[in-house]
Amino acid sequence: MKILIDTNVALDILLHRKNYTTAAFIFSFAQQNIIDSYISASAITDIFYLSTKDIGKRTAREAIRNLLKVFKPATVTDNNIYQALDLEWEDFEDSVQYVVGESFSADYIVTRNVTDFASGSIPAITPEQFLEIISVVE
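All figures in this text were calculated on a predicted structure; none of them were measured in a lab.

Of the strand pairs in this sheet, strand E1 (residues 2–5) and strand E2 (residues 36–40) are connected by 4 bridges, and their pairing is parallel. Looking at E2, one finds that Ile5 is bridged to Ile39.

Here we come to unusual backbone geometry. Even without being a glycine, Asn33 presents a positive backbone phi close to 60 degrees. Among the secondary structure elements, Asn33 is positioned in the loop between helix H2 (20–31) and E2. Phi is positive for Ser105, which is not a glycine, with a value near 60 degrees. Following the sequence through the fold, Ser105 ends up in the loop between helix H6 (92–103) and strand E4 (108–110).

Attention now goes to the pairing of E2. Counting buried residues along E2, 4 of its 5 residues qualify, which places the element largely inside the surrounding structure. Where E2 and strand E3 (residues 72–74) come together, 3 bridges link them in parallel fashion. Each bridged residue has a counterpart across the sheet, and for Ser40 the counterpart in E3 is Ala74.

What follows deals with the sheet that holds E1. Taking strand neighbours across the sheet as the criterion, the 5 strands line up as E3-E2-E1-E4-E5 in an open arrangement whose pairing is parallel. Edge strands, defined here as strands with exactly one partner in the open sheet, are E3 and strand E5 (124–125).

Once that is clear, we can look at the environment of Ala41. Mapped onto the fold, Ala41 is located in helix H3 (residues 41–55). With 72 residues separating them along the chain, Ala41 and Asn113 place their C-alpha atoms 19 Å apart. The residues contacting Ala41, other than those within four sequence positions of it, are Ala74, Thr75 and Val76.

A cluster of nonpolar side chains, Ile81, Tyr82, Leu85 and Phe92, forms an exposed patch at the surface whose accessible area comes to about 390 Å². Per-element accounting of the nonpolar patch gives the leading share, 3 residues, to helix H5 (residues 78–87). Residue class for Tyr82 comes out exposed when judged on its relative accessible area of 54%.

For the protein, the average pLDDT comes to 93, and 98% of its residues sit at 70 or higher. Across the protein, the secondary-structure element scoring lowest on mean pLDDT is helix H7 (residues 127–137), at 86, and the one scoring highest is E4, at 98.

A separate point is the nonpolar core. Among the nonpolar cores identified, the biggest contains 29 residues, and Ile26 and Phe71 are the most heavily contacted of them. Of all elements in the fold, only E1, helix H1 (7–15), H2, H3, helix H4 (57–68), E4 and H7 reach the threshold of two or more residues within this core. Ranked by the residues each element gives to this core, the list is headed by H1, at 6 residues. Sequence-distant contacts of Phe71, that is, excluding residues within four places in its chain, are made with Ile5, Ile13, Ile26, Phe27, Ala30, Ser37, Tyr38 and Ile39.

Thresholds applied
- Residues numbered from 1 in each chain as written.
- Predicted model: local features only at pLDDT ≥ 70, side-chain atom pairs only at ≥ 80, totals over all residues.
- Heavy atoms only, no water.
- Pairing = 2+ DSSP bridges.
- Helix = DSSP H or I, 4+ residues; strand = E, 2+ residues; numbered from the N terminus.
- Buried < 20%, exposed > 50% of the residue type's maximum accessible area, 1.4 Å probe, protein only.
- Contact = heavy atoms within 4.5 Å.
- Patch = residues over 30% accessible without salt bridge, like charges linked within 9 Å, V, L, I, M, F, W, Y side chains within 5 Å.
- Areas by Shrake-Rupley, 256 points an atom, 1.4 Å probe, with all protein chains shown as cover.
- Salt bridge = Lys/Arg side-chain N within 4 Å of Asp/Glu carboxyl O.
- pLDDT = per-residue confidence, 0-100.
- Core = buried A, V, L, I, M, F, W, Y, C linked by side-chain atoms within 4.5 Å.

Pasting the structure below:
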């Protein structure tokens, strides 16, 4: 099973936000190679920027290094950017993540903002929904 982790779920993991436990389970499944997990390369810069506000640059760099040991960075190409522009979604970042997910045939986009991906054909699910799905599959 291939998943794309949205920026907000990665931040849950890195910053130990209130939803940390659920996101940490997904991290663990990815670490154990139970799932094939990706994060958009374009999201990494956003994650770094947002996390430095809470944990500082040095800690953010190390946290992202650890994140990338588990979640593979999914390349963002020029073609992905043009495709995302053509979608004309409200949130351009989400449209980029969506087309990146399409490029590697993601089964799910795991996000805290499911409605942002409602126009796409890749099912967008919350981390909690993903844990329910993975428990059935195992």
